[in-house]
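Here are the chains, one letter per residue:
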Amino acid sequence: MTIRSRIAAAFAVASLSLVFAGQSHATVFSAWQVANVPFGDTLNVRKYPSGTSQKQVAYPNGIVLQMTGRCTGGINLLDIANQPAWKQQQTVRYRWCEIWHDPAKNGTFVAGWAYGRYIIPY
């Protein structure tokens, strides 16, 4: 096998590995909306699930968020999606739920955490 053949084969294997590795981490997003934030206030999205964590961005009522489905306490939004909206809200009320967003609005998406009291199913 020539050096070019070896390089091409190695590149092909590496490319396939990246394709399959990327698929294993795929997540289905669910949409929830910012709600119940007091008039004139905003929902702070944090870097980690804590009120003392770094604030990434703040969203007003009505903004639709892309949820990863993961919430603290082992709750998965996809597992509760078939429940009535009021019951979903109660389930996450005192939990932090992970979102996928672009806080800088520059095409760089990151994970952040929103407090469940201020989100409702969309």
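For the structure itself, consult the block above.
Residues numbered from 1 in each chain as written. Predicted model: local features only at pLDDT ≥ 70, side-chain atom pairs only at ≥ 80, totals over all residues. Heavy atoms only, no water.

> Can you help me understand the environment of Ala104 in this one?
Inspection of the secondary structure assignment puts Ala104 in the loop between strand 6 (96-101) and strand 7 (110-115). Distance in space between the C-alpha atoms of Ala104 and Gln56 is 8.7 Å, their sequence separation being 48 residues. (Helix = DSSP H or I, 4+ residues; strand = E, 2+ residues; numbered from the N terminus.)

> How do you make sense of the pattern of salt bridges when you look at a structure like this?
Side chains that differ in sign of charge can pair as their charged atoms come close. Tallied over the entire structure, the rule returns one salt bridge. The residue Glu98 makes a salt bridge to Arg70 at a minimum N-O spacing of 3.1 Å. Of this pair, Glu98 sits in strand 6 while Arg70 sits in strand 4 (residues 64-71), and the two are 28 residues apart along the sequence. With a relative accessible area of 11%, Glu98 lands in the buried category. (Salt bridge = Lys/Arg side-chain N within 4 Å of Asp/Glu carboxyl O. Buried < 20%, exposed > 50% of the residue type's maximum accessible area, 1.4 Å probe, protein only.)

> Just checking my understanding: could you explain the side chain of Glu98 for this structure?
Separated by 2.9 Å, the side chains of Glu98 and Thr68 make a polar contact. Ignoring sequence-local partners within four residues, the contact set of Glu98 consists of Gln66, Met67, Thr68, Gly69, Arg70, Ala111, Gly112 and Trp113. (Polar contact = N/O pair within 3.5 Å; in protein donor to acceptor, adjacent residues only side chain to side chain. Contact = heavy atoms within 4.5 Å.)

> Please clarify how the state of the cysteines should be interpreted in this entry.
Here, the word disulfide means a covalent bond between the sulfur atoms of two cysteines. The full count for this structure, using the stated rule, is one disulfide. With a sulfur-sulfur separation of 2.1 Å, Cys71 is cross-linked through a disulfide to Cys97. The sign of the S-S torsion, about 105 degrees, decides the handedness of the disulfide formed by Cys71 and Cys97: right-handed. Note that Cys71 is positioned in strand 4 and Cys97 in strand 6, a separation of 26 residues in sequence. With respect to class, Cys71 is no different from Cys97; both count as buried. (Disulfide = S-S within 2.5 Å.)

> Where do I start with the pairing of strand 4 in this structure?
If a strand is regular, its side chains alternate between the two faces of the sheet. Sheet topology places strand 1 (residues 30-34) next to strand 4; four bridges connect them, and they run antiparallel. Looking at strand 4, one finds that Ala31 is bridged to Gln66. Looking at chain direction, strand 4 and strand 6 are connected through three bridges and run antiparallel. Looking across to strand 6, one finds that Met67 is bridged to Ile99. Alignment of strand 4 against strand 5 (residues 75-76), held across two bridges, turns out to be antiparallel. What sits directly across from Arg70, in strand 5, is Asn76. The hairpin turn running from strand 4 into strand 5, its antiparallel successor, is three residues long, and Gly73 in that turn takes a positive phi close to 80 degrees. (Pairing = 2+ DSSP bridges.)

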